[in-house]
Structure formats: C-alpha cells, structure tokens
Amino acid sequence: MKIKIIKYKSVKSTNDTAIKKIKKNYKQPLLIFSKLQKKGKGTMGKKWISNKGNLFLSILFEFYPNKISFKQHAVLNAYLLKKIIEKYVTKKVYIKWPNDLLIDKKKVCGILQEVINYNKKSFLIVGIGINTRTYPKIVNCKTTSLKSYSKKKVDNDRILKDIKKSYEK
C-alpha cells in the first residue's frame, strides 16, 4: 500500500489529527508526523510525554478485521518497529506486550492502536512515539532514548522514512 505523509509543526495528538482526517472522509493510507505533540496519548487514557526533538507519528488505514485481527496488527506493529529501532542502536530491543519497546528494561517506544468506525467503515490508527534524542523522567517507569544506545547520529527523518517504507510493504 502507498502511504501519503502529512507533516505538521505542532499538533495536540497525532492520533487525534488522524481521527479528524477520517471524519473529513480521508480514505487513503496516511502517515501523520509532527515535530511537536502537545497532548500525546497512551493506552488506557495515559499520557505520552512528548519531549521536543523526539519522533511522533500516526499511521491510519482502512481496517478489515475479517482479514487480519486487531491483535494480529498489534503483534505486527511491535515487530516492525522493533526491527527498525534495532538498526539504530547497539543493544537488543525487547517487546513488552502489548505496546512498548524496551532497551535495557527501559521504555524507548510506545505504540497506541485505535479502531475508529466512521461511515460504515473501520479504520486502524497506529500511534507511535519514539524517544529518539531525549527521554522523560517518569515516576515508576524507566525510560531511555535511541541516542543513549547509538554510535551514530539519530536522524528522525531517516527513521520516519524507514517506518513509512516498512508499512508500505
């Protein structure tokens, strides 16, 4: 599938922006990227702390649960992102089910899947937050960044292209 990219300087949440696109009858696969996210979303109503300079995006596409289930997408998303992130770090990346990627038992990436039903169609939104350059200090949650485990410059544009390419396959 071919995915169009729309880039923003700042949004409330890339997932919320994807929902707005769906409600404006946007139907083709879409990747929404923002340099700044003011109110990132996590699972079960939690916040995703979006430090400036990190990577925030959502991918949306029409969802056919009779072909591939929500859970199968969750597994696929985690493995795709794990494979991409491992290209940029010197340590192994682990999946903490259902939606986190860890390095040295520290969260480096969060994935939020949402199904939106609109006009008799279902859409899957995959929200992705990657701590590429910095990481937030969170009580009861160890976090890290790709930069902390990379021997080369962490390039958000390159990672964004890798994500787009992986999802298009």
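Numbering of residues starts from 1 in every chain and runs along the sequence as written. Two thresholds apply to this predicted model, a pLDDT of at least 70 for residue-level local features and 80 or more for giving and counting side-chain atom pairs, whereas whole-chain, interface and lining totals are computed over all residues. The side-chain quantities take in all heavy atoms of the structure and omit both hydrogens and water.

Peer 1: Kindly report on the pairing of strand S2 (residues 30-37), identifying the contributing residues and their values.
Peer 2: With 6 of 8 residues buried, S2 lies mostly within the body of the structure. A pair of strands counts as paired when DSSP detects no fewer than two bridges linking them. Per the convention used, a helix needs a DSSP run of H or I reaching at least four residues, while a strand needs a run of E reaching at least two, with both numbered from the N terminus. As defined by bridge partners, strand S1 (residues 4-11) adjoins S2 across 7 bridges and the pair is classed as parallel. In the strand pairing of S2, Ile 5 is matched with Leu 31. Alignment of S2 against strand S5 (residues 55-62), held across 5 bridges, turns out to be antiparallel. Counted as the bridge partner of Leu 31 is Ile 59 from S5. Partly exposed residues are those whose accessible area sits between 20% and 50% of the maximum for their type, while under 20% is buried and over 50% is exposed, using a 1.4 Å probe and protein chains only.

Peer 1: So what's going on with the sheet that holds S1? Which residues, and what values?
Peer 2: The strand order across the open sheet built from 7 strands is S1-S2-S5-S9-S8-S7-S6, with neighbouring strands paired in mixed fashion. The open sheet has two edge strands, S1 and strand S6 (93-96), and neither has a second partner. Adjacent strand axes in the sheet meet at a mean angle of 20° when their direction is disregarded. Pairing between strand S7 (residues 100-103) and strand S8 (residues 106-118): 4 bridges, direction antiparallel. Counted as the bridge partner of Asp 100 is Gly 110 from S8. Where helix H2 (residues 70-86) meets the sheet, its contacts fall on S5, S6, S7, S8 and strand S9 (121-130), and the angle it forms with S8 comes to roughly 145°. Working rule for contacts: check all heavy atoms of both residues, and any pair within 4.5 Å makes them a contact. Where helices are involved, their axes are fitted lines through C-alpha atoms of the stretch in contact, as for all axes, and angles between N-to-C directions lie from 0 to 180°. Where helix H3 (residues 156-168) meets the sheet, it contacts S1, S2, S5 and S9, and its direction lies at approximately 15° from that of S5.

Peer 1: Describe the layout of surface pockets, naming the residues involved and giving the relevant values.
Peer 2: Where empty space is left in the structure can be found by rolling a water-sized probe over the atoms. Site definitions follow a grid-based scheme: protein atoms alone, a 1 Å grid, a 1.4 Å probe that fits but cannot get out for cavities, and for pockets an open set with protein on both sides within 12 Å along at least five of seven lines, plus lining residues having an atom within 4 Å of a point. Grid points are joined across faces, edges and corners, and a volume is the space filled by probe spheres set on the points. The calculated volume of the second largest pocket comes to roughly 250 Å³. Every residue lining the second largest pocket is counted, 13 residues in all, and those nearest its centre are Phe 33, Lys 35, Arg 133, Asn 156 and Asp 157. Of all elements in the fold, only S1, S2 and H3 reach the threshold of two or more residues within the lining of the second largest pocket.

Peer 1: Any chance you could break down a positive patch on the surface for me, citing the residues and the numbers?
Peer 2: Each patch is built from residues that are more than 30% exposed by relative accessible area and take part in no salt bridge. Like charges join if they lie within 9 Å; nonpolar side chains (Val, Leu, Ile, Met, Phe, Trp, Tyr) join within 5 Å. The method behind every accessible area is Shrake-Rupley, applied with a 1.4 Å probe, and residues are considered shielded solely by the protein chains displayed. Just to be clear on terms, a salt bridge is a Lys or Arg side-chain nitrogen sitting within 4 Å of an Asp or Glu carboxyl oxygen. This count recognises Lys and Arg as positive and Asp and Glu as negative, with His and chain-terminal groups excluded. Positions of charges follow a simple convention, taking NZ of Lys, CZ of Arg, CG of Asp or CD of Glu. Side chains of Lys 7, Lys 9, Lys 35, Lys 52, Arg 133, Lys 147, Lys 153 and Lys 161 sit close together on the surface and give a patch of like positive charge. Topologically, Lys 147 is positioned in the loop between S9 and H3.

Peer 1: Explain the packing of H2 against H3 residue by residue, including any values.
Peer 2: Running from amino to carboxyl end, H2 crosses H3 at an angle of 140°, the nearest separation of the two axes being 10 Å. Classified by the interaxial angle, the pair formed by H2 and H3 is oblique. H2 and H3 meet at a crossing whose hand is right-handed. In this structure, H2 uses Asn 77, Leu 80, Leu 81 and Ile 84 to contact H3, whose residues at the interface are Ile 159, Asp 162, Ile 163, Ser 166 and Tyr 167. Gly is placed with the polar residues, together with every amino acid not listed as nonpolar (Ala, Val, Leu, Ile, Met, Phe, Trp, Tyr, Cys and Pro) or charged (Asp, Glu, Lys and Arg). Among the residues making up the contact of H2 with H3, the classes are represented as 6 nonpolar, 2 polar and 1 charged. By the definition adopted for this analysis, an angle is roughly parallel if under 35 degrees, roughly antiparallel if over 145, roughly perpendicular if from 65 to 115, and oblique otherwise. Take the far helix as your reference; a near helix turned counterclockwise from it by less than a right angle gives a left-handed crossing, and one turned clockwise gives a right-handed crossing.

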